[in-house]
Structures are given as structure tokens and as C-alpha cells.
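# Observations on the model geometry
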Amino acid sequence: MTSRPLPAHLANAAIEYPAITTLAELDALPDGSIVMMDPETTTNPVPWARVGKLWVALDPLAALGARDEAWSVQLFRRTLTAARPRKLVLLWMPPRD
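Residues numbered from 1 in each chain as written. Predicted model: local features only at pLDDT ≥ 70, side-chain atom pairs only at ≥ 80, totals over all residues. Heavy atoms only, no water.

## Focus on the side chain of Thr79
Structurally, Thr79 can be placed in the loop between helix H3 (72-77) and strand S5 (88-92). For Thr79, a relative accessible area of 4% gives the class buried. At 2.5 Å, the side chain of Thr79 forms a polar contact with the backbone oxygen of Phe76. (Helix = DSSP H or I, 4+ residues; strand = E, 2+ residues; numbered from the N terminus. Buried < 20%, exposed > 50% of the residue type's maximum accessible area, 1.4 Å probe, protein only. Polar contact = N/O pair within 3.5 Å; in protein donor to acceptor, adjacent residues only side chain to side chain.)

Encoded structure:
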């Protein structure tokens, strides 16, 4: 199988994710949504998936069996650091009926 080079407009495209700026926006996301903190600045950004009322980190580098879970308010508080506010963005949301 021969791979073809990507067209320039795709290879150089900047991905813009919608920012989540309030706790209400985060809490309104449906089950199965995936968000990420600081996707442009972190060397290893970890996506979070909504599973019911909890958010679960999808960290491939975490120790086997380790889980990082947070309620919406706990996850949103992680963005409000005094030293540097962190950006929370929506990566994917399941289609709504």
C-alpha cells in the first residue's frame, strides 16, 4: 500500500477546538463527550471522557489499573490554577438525537 502525501491545505491546517469557559458548559455535555486540557501547550495532554456523571482520564501512560476520575466541578477547578489558567476544549461529542 502506497501512502499519498496530504494536500497542503490539510497538512498545514490548524485545528480549532471549541473552548469550554464555564462549569455549566462542561456539565451540559452529554455522556460520551471527550474534552482535553491545554491541547496546544501540554507535551502530553490527557483527554477526559464523560461516563455518566463522572469524567475519566484516558491516559495511555498511566500505570496499569490506575484511574483518575473527577466530577465536573473537580475537573473544571483544575483549569483555575493561580499561576496559569488552563484551557479546556471539546474534542468530540456524540450526536444528539
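## Observations regarding the sheet that holds S5
Pairing is antiparallel in the open sheet, where five strands are placed in the order S4-S3-S2-S1-S5. At either margin of the open sheet sits one strand with a lone partner, and together these are strand S4 (69-71) and S5. The sheet shows a mean angle of 35 degrees between the axes of neighbouring strands, taken without regard to direction. In terms of strand pairing, strand S1 (residues 34-37) meets strand S2 (residues 47-51) through three bridges, oriented antiparallel. Its bridge partner being in S2, Val35 is matched across the sheet by Trp48. (Pairing = 2+ DSSP bridges. Axes fitted to C-alpha atoms, helices over the stretch in contact; angles between N-to-C directions.)

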